[in-house]
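Per-entry structural report
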Amino acid sequence: MSVLAATALDDVGSAAQRPRRSLNGWSIALFIYATAFYLFLYGPIAIIVLLSFNNSEVTGLPFRGATTHWYEVVFARPDLMSALFNSIALGFISAAIATAMAFFLGLSFRRDYVGQQLVLGLVLLPIILPGILGGIVLLIFFGYLGIRPGLYTTVLVAHVNWVLPFAFLTLNGRLQGLDRAVEEAAMDLGARTHQVMLRVVLPIIRPALVATLLFSFSLSFDEFIRTLFVMGYDRTVPVVLWSAIVDRLAPELPAMAVITILISTAGSLCGFAFAARASKRQA
Amino acid sequence: MSLAVRSAFRQRLAASGPGWALASPAVVWLIVFSVLPIGLMVAMSFWKSTIYGTRPDFIFDNYRRIFANSLYVNQLLSTLRIAVSATIISLLVSYPIALMLSRLKGAFRPGFLLLLFIPFWSSYVVRTFVWLPILGRNGAINQFLLWLGVVDQPLDFLLYNEGAVLLGLVYVFTLFMTLPIYVTLDKLDPALLEAANDLGARPLQAFARVIVPLSLPGVMSGSIMVFLLAVGVYVTPQLLGGPSGLMFGNIIAAQFLSDNNWAFGSALAVVMMVVVLSVILSAGRLVGLQQAFSGGHG
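Residues numbered from 1 in each chain as written. Chains lettered and ligands numbered in written order. Predicted model: local features only at pLDDT ≥ 70, side-chain atom pairs only at ≥ 80, totals over all residues. Heavy atoms only, no water.

**Remarks on the overall build of chain B**
When helices and strands are counted, chain B shows 16 helices and 2 strands. In terms of overall dimensions, chain B has a C-alpha envelope of 75 × 65 × 35 Å along the principal axes. Buried residues in chain B amount to 54% of all 298 residues. Within chain B, counting contacts between residues at least 6 apart in sequence, those at least 24 apart form 68% of the total. (Helix = DSSP H or I, 4+ residues; strand = E, 2+ residues; numbered from the N terminus. Buried < 20%, exposed > 50% of the residue type's maximum accessible area, 1.4 Å probe, protein only. Contact = heavy atoms within 4.5 Å.)

Right, dumping it as structure tokens:
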């Protein structure tokens, strides 16, 4: 999702002043269709928000009066609170690892080297591989090596695998857009390689790095299918949600859903804001 | 290879050191945690699983079992059919939205783009789950129809079938179609439409002969993305599909999560991987791979 977000950002800055020809009848039809489409996107979410306040033991309508009881139930569930902590910690650690590797990889793509295309293919591999296979290959791998599943071992690896290509694609665009002349100027003025990196490249690229971290965090926070196969005793939020859905339709599920939607949206919105700043700076 | 080419290559090789050094953390990570595990899975598909565990071997029994039994072949075909249908429906649903977004003026455009993104930032487990209290027996649609008096018994056919799976897939993945199409439409030079108009083309003709052909790269990369995501899906059929709506991913998962037949599961997974890779490679000949994955923007 992060790449898509970065792609759309360019428009946030530049869309304003392009006059376009309108085709009246068609435009109206398009507008009506678009309204229906956005209702399709938001309708189900609106219903879940409504149900999360429904004073009923059964998830569903009719609406039997408003209550915040289900939110209290959610916050009183120890398994959910520890899953929330697990997901947030794991999200930041895997985002940091993936962003660091993506940063150096992006820097390497500013040079020409033998095997570059192969490296590109390698980075895209975790996106090409269907998610379920991404989980299964790690289950087999760690199982064969006799490594016990754990949050900061097997699950962390699964998350970094998944996040890395997106972190790379988000960051790479910004790194390739960075003018080489700036670095060369610093070199000419006598800066050493590490000085160029710390005092020139990093400050310029910082907003893009923060944006990549936040997008990576929200990708990891929402990851489910790979986690399902390699998790141990410590569970993440989507896994707890999943078992609550599959075991029985727990009445507090809508409230749980609303809380996770809020966290993912907040993380991504911050990432979006930082990415917008990064693209404005470079423009 | 001529001498000049060879020495140029040697020079490139000599100059490759810093590039490789920078790439090495990611490359080592991906070789250890992606390439090796995939290799092990391919190897295991020739092993043998018994109740005592999975032992190294070199037998073709797992593959024979897949292709001798029409159950698995049919399941694979129906999974491909569902993935293709989800792709086509997403295309039809997304294209007008992409067109509308590319025509929006001023501050509306970033606003509507953001509105398009926000739902997709939430976990697809959640976004699949939301359909249960909508389509279910006590769900919103049934309650609404009962209240209207259109039906006097809740409808049972809304959930747990292939249609519900398709709805769930389109809901969860359609952004991956909308965005690449939007990006290609946005890059389209308005002068081309003016030219078509000046040359006497009606709006529909301009659409069919100018807009659609020029947006094909976006359509291609969107279709690849949605197909890939849909073909390997597990959550949607598990929650919305019921017994008739199960897909290949669910059968593979069952070998590992409940049946404990890793060798057979590996063979099924290899079959899926081969199908997916051949689709990608044949599509990749039409559009560059990186382009496909960066929303038609790379």
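Read on, since the account is not over.
**A short note on helix α11 (residues 237-247) of chain A**
Most of α11(A) sits inside the fold, with 9 of its 11 residues counted as buried. Taken residue by residue, α11(A) has V237(A), P238(A), V239(A), V240(A), L241(A), W242(A), S243(A), A244(A) and I245(A) as its buried positions.

**Digging into the interface of chain A and chain B**
Quoted interface sizes are often the accessible area lost when the parts come together. Across the boundary between the two partners, chain A contributes 95 residues, which contact 103 residues of chain B. Surface buried jointly by chain A and chain B totals about 9400 Å² across both partners, of which 79% is contributed by carbon and sulfur atoms. At the surface where chain A touches chain B, the tally comes to 0 salt bridges. Looking at which element gives the most residues to the side of chain A that touches chain B, the answer is helix α2 (residues 24-52) of chain A, with 14 residues. For the side of chain A that touches chain B, the residue count by class is 74 nonpolar, 13 polar and 8 charged. (Buried area = accessible area lost by both parts, 1.4 Å probe. Salt bridge = Lys/Arg side-chain N within 4 Å of Asp/Glu carboxyl O. Nonpolar A, V, L, I, M, F, W, Y, C, P; charged D, E, K, R; others polar.)

**Section: the packing of aromatic side chains**
Throughout the structure, instances matching the rule amount to 27 aromatic pairs over all chains. Their ring planes at 70° and their centres at 6.3 Å tell us that F109(A) and Y113(A) sit as a pair that is edge-to-face. A relative accessible area of 0% means that Y113(A) is categorised as buried. Taking the centre distance of 5.4 Å and the plane angle of 45° together, the rings of F46(B) and Y63(B) count as tilted. In this pair, F46(B) is assigned in the loop between α2 (17-44) and β1 (48-50) and Y63(B) in helix α3 (residues 61-68), connecting sequence segments 17 residues apart. (Phe/Tyr/Trp six-rings, centres within 6.5 Å; stacked < 30°, edge-to-face > 60°.)

**Examining the pattern of salt bridges**
Taken as a whole and judged by the stated rule, the model has 7 salt bridges over all chains. E223(A) serves as the salt-bridge partner of R226(A), at 2.8 Å between the closest nitrogen and oxygen. A residue is classified by how much of its surface remains accessible, and R226(A), at 8% relative accessible area, is buried. For E223(A), a relative accessible area of 4% puts it in the buried group. In this structure, R109(B) engages D186(B) in a salt bridge whose closest nitrogen and oxygen atoms are separated by 2.6 Å. Taken together, the residues span a long stretch of sequence, with R109(B) in helix α5 (residues 108-117) and D186(B) in helix α10 (residues 175-187) at a distance of 77 residues. Comparing R109(B) with D186(B) shows no difference in burial state: the two are buried. Linked through salt bridges whose partners overlap, the residues forming this network are R77(A), D79(A) and E252(A).

**What to know about the packing of helix α6 (residues 131-145) of chain A against helix α14 (residues 248-257) of chain B**
Packing of α6(A) against α14(B) leaves a shortest axis separation of 11 Å and a crossing angle of 15°. It follows that α6(A) is roughly parallel to α14(B) by the angle criterion. The handedness of the crossing between α6(A) and α14(B) is left-handed. Contact residues: α6(A) offers I132(A), L133(A), I136(A), L139(A) and I140(A), while α14(B) offers G249(B), I252(B), A253(B) and F256(B). In the contact of α6(A) with α14(B), the residues fall into 8 nonpolar, 1 polar and no charged. (Axes fitted to C-alpha atoms, helices over the stretch in contact; angles between N-to-C directions. Parallel < 35°, antiparallel > 145°, perpendicular 65-115°, else oblique. Left-handed = near helix turned anticlockwise from the far one by under 90°.)

**A word on the nonpolar core**
Residues I132(A), L101(B) and I252(B) are the most contacted members of the largest nonpolar core, which totals 189 residues. In terms of residue count, the dominant contributor to this core is helix α7 (residues 151-177) of chain A (15 residues). Mapped onto the domain boundaries, this core takes at least three residues apiece from domain 1 (1-36) and domain 2 (70-293) of chain B. Every residue in contact with I252(B), bar those within four places of it in the chain, is listed here: L133(A), I136(A), G265(B), L268(B), A269(B) and M272(B). (Core = buried A, V, L, I, M, F, W, Y, C linked by side-chain atoms within 4.5 Å. Domains from an automatic or database assignment.)

**Observations concerning empty space enclosed by the protein**
Applying the stated criterion across every chain, the model contains 6 cavities of 30 Å³ or more. Looking at the largest cavity, it is lined by 33 residues, and the ones nearest its centre are W162(A), R226(A), Y124(B), F173(B) and L229(B). The residue makeup of the lining of the largest cavity, split by class, is 24 nonpolar, 5 polar and 4 charged. (1 Å grid on protein atoms, 1.4 Å probe; cavity = no way out; pocket = protein on both sides within 12 Å on 5 of 7 lines; lining within 4 Å. Points joined across faces, edges and corners; volume = space filled by probe spheres on them.)

**Regarding the confidence of the model for chain A**
Here chain A shows a mean pLDDT of 83. Residues at 70 or above account for 89%. Considering only residues more than four positions removed or in separate chains, one finds that residues 1-22 of chain A, a stretch of pLDDT under 50, has 55 contacts. (pLDDT = per-residue confidence, 0-100.)

**Some thoughts on the environment of F112(B)**
Residues and elements named next belong to chain B. Among the secondary structure elements, F112 is positioned in helix α5. Residue F112 is classed as partly exposed on the basis of its relative accessible area of 23%. With 105 residues separating them along the chain, F112 and S7 place their C-alpha atoms 54 Å apart.

**Let's talk about unusual backbone geometry**
Phi is mostly negative for residues that are not glycine, and the peptide bonds are mostly trans. All names here are of chain B. Phi at Y160 takes a positive value of approximately 60°, unusual for a residue other than glycine. Positionally, Y160 belongs in the loop between α8 (140-148) and α9 (162-173). Even without being a glycine, N260 presents a positive backbone phi close to 55°. Locating N260 in the fold gives a position in the loop between α14 and α15 (262-284).

**A look at the environment of G249(B)**
Residue placement: G249(B) occurs in helix α14. A C-alpha to C-alpha distance of 9.5 Å links G249(B) and Q238(B), two positions 11 residues apart in sequence. Contact partners of G249(B), with chain neighbours within four places excluded, come to I132(A), V233(B), Y234(B) and M272(B).

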